[in-house]
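Fold and geometry: a report
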Amino acid sequence: MEQTERTYKGFVPLTLPEFNTLTRQLSELLSTQHPSVIIPGEAILGIEAVAAGISAPGRKFINIVTGPYGSLFGEWLERGGAMVAEVKVPFDEVVTAELVAAAIDRHRPDAISFVQAEVVTGGSNPAKAIFELARQHDLITVTDSVSAVGGEPLLVDEWAVDFAAIGAQKALAGPNGVSAVSISPRGWAFLESNAHAPRNSILSLLDLKPQPGNLAPVRVPPNIPTLEARALIEALAAVEEEGLDLVIRRHSTAAASAVAGIVALGLAPWQKDSAHRSTLTTTVRIAGNPKLGIAQPIGIVAPGDGELRGQLLRINHFGTNASRDSVEAAIATLAGLLERYAAPAIEAVRQVWEAQA
Ligand SMILES: *Cc1c(COP(=O)(O)O)cnc(C)c1O
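In this report, we go over the structure that sits alongside the text. (Residues numbered from 1 in each chain as written. Predicted model: local features only at pLDDT ≥ 70, side-chain atom pairs only at ≥ 80, totals over all residues. Heavy atoms only, no water.)

What to know about the site of the ligand
- By nearness alone, 13 residues border the ligand, and Glu42, Asp144, Ser147, Gln169 and Lys170 come closest of all.
- The separation between an oxygen atom of the ligand and a polar main-chain atom of Ala43 is 3.0 Å.
- Surface burial for the ligand is 92%, taken as the share of its 380 Å² of free accessible area covered by protein chains.
- The biggest single contributor to the shell around the ligand is helix α2 (residues 43-54), with three residues.
- Looking at side-chain class alone, the shell around the ligand contains eight nonpolar, two polar and three charged residues. (Near = heavy atom within 4 Å. Polar contact = N/O pair within 3.5 Å; in protein donor to acceptor, adjacent residues only side chain to side chain. Areas by Shrake-Rupley, 256 points an atom, 1.4 Å probe, with all protein chains shown as cover. Helix = DSSP H or I, 4+ residues; strand = E, 2+ residues; numbered from the N terminus. Nonpolar A, V, L, I, M, F, W, Y, C, P; charged D, E, K, R; others polar.)

As structure tokens, this is what we get:
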């Protein structure tokens with residue numbers, strides 16, 4: 001007789017082997033030999049925790065603002081009492097290495113922070129050049145790479161990135177209820193030397209410090225959300241199976257094909273510099289065209305966030321939507337809004353994917 005009864009095995013907390021797998025996966029993803037801190041919540045929690053942990057009166061930061069997340073980070077740094085020199089550019093541009101170099105010469109900061117790539121504006125900052133400048137001036141480096149990881153390279157050790165906050169729910173097609181911050185030994189020293197860094201707090205990175213060096217942990221940190229951590233392990237395993245390089249390539253092909261599609265429709269990308277566009281979203285200039293003034297997302301085509309509503313539309317081609325089908329559907333949606341024949345624009349999308357195949 002067939003057994004139909006199920007045995008409820010009960011909830012099994014994250015095991016030490018699972019935790020070690022996740023730690024290894026994160027280190028490989030970020031090209032670092034150091035274990036990341038696993039953040040028991042959304043990426044924004046890790047980002048706020050970094051700001052709270054490193055800010056202090058007497059410390060000076062350059063905070064680059066190329067979108068809303070950068071502004072928020074600067075406010076959190078100021079809340080901690082640090083002096084913050086903001087380098088801000090219009091949101092249809094990214095920062096240049098020249099602007100950053102001039103700001104470093106002028107302000108002589110201790111640290112520099114920026115958002116590597118912005119899904120909100122569709123821009124991607126010249127990260128490697130910024131890290132190189134930071135290295136020349138011996139600055140602590142902080143990057144919000146939530147919308148960069150999986151969409152462009154992020155070589156934490158090689159680029160001397162001291163703090164990198166990441167999440168899995170953008171390019172990595174993973175959960176958003178757990179995230180990570182990679183911290184270098186220099187970064188830990190910067191936290192530990194800050195008397196203002198939170199302790200016994202949800203914002204405390206020091207409370208979450210992994211065991212030093214290659215010492216294997218003896219137990220799983222108690223605060224990690226089990227189901228989300230398991231989902232993250234699965235998502236990162238899928239990335240490893242596809243290959244990080246190919247995941248990145250899929251995102252850049254999606255972006256290139258989306259640009260080809262909108263240009264074929266007579267539209268222009270919102271981000272001006274073709275060399276510095278996000279591979280996760282393509283932002284489309286609305287330029288006063290009332291047909292593009294959508295109130296709600298249609299598939300992966302979404303209105304602009306906050307102050308960018310009415311100025312741009314976003315095509316969110318990230319994660320599983322970094323695909324030819326999703327980009328074609330988005331271009332068909334835009335053609336529909338414009339009341340134009342979609343076929344030539346979809347052909348332009350197809351050609352980009354074929355050329356990459
Ligand atoms: C999405 C995003 C975040 C926020 O991530 P959550 O996990 O939703 O908190 C932060 N920074 C950038 C650049 C993002 O794109």
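So, the pattern of salt bridges
- Counting across every chain of the model gives 18 salt bridges.
- In this structure, the salt-bridge partner of Asp92 is Lys272, at a minimum N-O distance of 3.5 Å. Within this pair, whereas Asp92 is found in the loop between β3 (83-88) and α4 (97-107), its partner Lys272 is found in the loop between α8 (244-264) and β8 (281-285), the two being separated by 180 residues in sequence.
- The exposure class assigned to Asp92 is buried, which follows from its relative accessible area of 9%.
- Between Arg285 and Asp92 there is a salt bridge, with its nearest N and O atoms 3.0 Å apart. Pair noted here: Arg285 is in strand β8 and Asp92 is in the loop between β3 and α4, with a separation of 193 residues, a long-range link.
- When salt bridges that share partners are traced, they join Arg324, Glu328, Glu347, Arg350 and Glu354 into one network. (Salt bridge = Lys/Arg side-chain N within 4 Å of Asp/Glu carboxyl O. Buried < 20%, exposed > 50% of the residue type's maximum accessible area, 1.4 Å probe, protein only.)

So, the nonpolar core
- Counting residues in hydrophobic clusters, the biggest one holds 43 residues, and the most contacted among them are Leu29, Ile64 and Ile112.
- If you list the elements that add at least two residues to this core, you get α1 (16-29), β2 (60-65), β3, α4, β4 (111-115), α5 (127-136), β6 (163-167) and α7 (226-242). (Core = buried A, V, L, I, M, F, W, Y, C linked by side-chain atoms within 4.5 Å.)

Describing the pairing of strand β7 (residues 179-183)
- When you tally the buried positions in β7, you get five out of five residues, the bulk of the element.
- Residues Ser179, Val181 and Ile183 of β7 are buried on one face, and the alternating residues Ala180 and Ser182, pointing to the opposite face, are buried as well.
- As defined by bridge partners, strand β1 (residues 37-39) adjoins β7 across three bridges and the pair is classed as antiparallel. Residue Val37 lies in a different strand from β7, and its bridge partner there is Val181.
- Strand direction decides the pairing type here: β6 and β7, joined by five bridges, are antiparallel. Of the residues in β7, the one forming a bridge with Ile166 is Ala180. (Pairing = 2+ DSSP bridges.)

A few points about the side chain of Ser179
- Along the chain, Ser179 turns up in strand β7.
- The class of Ser179 is buried, set by a relative accessible area of 3%.
- Within the local environment of Ser179, its side chain forms a polar contact with the backbone oxygen of Gly41, the two atoms lying 2.9 Å apart.
- Those residues in contact with Ser179 that sit more than four places away from it in its chain are Val37, Ile38, Ile39, Gly41, Glu42, Ala43, Ile166 and Gly167. (Contact = heavy atoms within 4.5 Å.)

Description of the packing of α4 against α5
- Between α4 and α5, whose axes approach to 10 Å, the crossing angle comes to 20°. The angle between α4 and α5 falls in the class roughly parallel. As α4 packs across α5, the resulting crossing turns out to be right-handed. Packed against α4, whose contacting residues are Ala97, Val100, Ala101 and Ile104, the element α5 presents Ala129, Ile130 and Leu133 at the interface.
- Its residues assigned to classes, the contact of α4 with α5 shows seven nonpolar, no polar and no charged. (Axes fitted to C-alpha atoms, helices over the stretch in contact; angles between N-to-C directions. Parallel < 35°, antiparallel > 145°, perpendicular 65-115°, else oblique. Left-handed = near helix turned anticlockwise from the far one by under 90°.)

Brief notes about the environment of Thr21
- Locating Thr21 in the fold gives a position in helix α1.
- For Thr21, a relative accessible area of 29% corresponds to the partly exposed category.
- For the pair Thr21 and Ile233, spaced 212 residues apart in the sequence, the C-alpha separation amounts to 7.4 Å.

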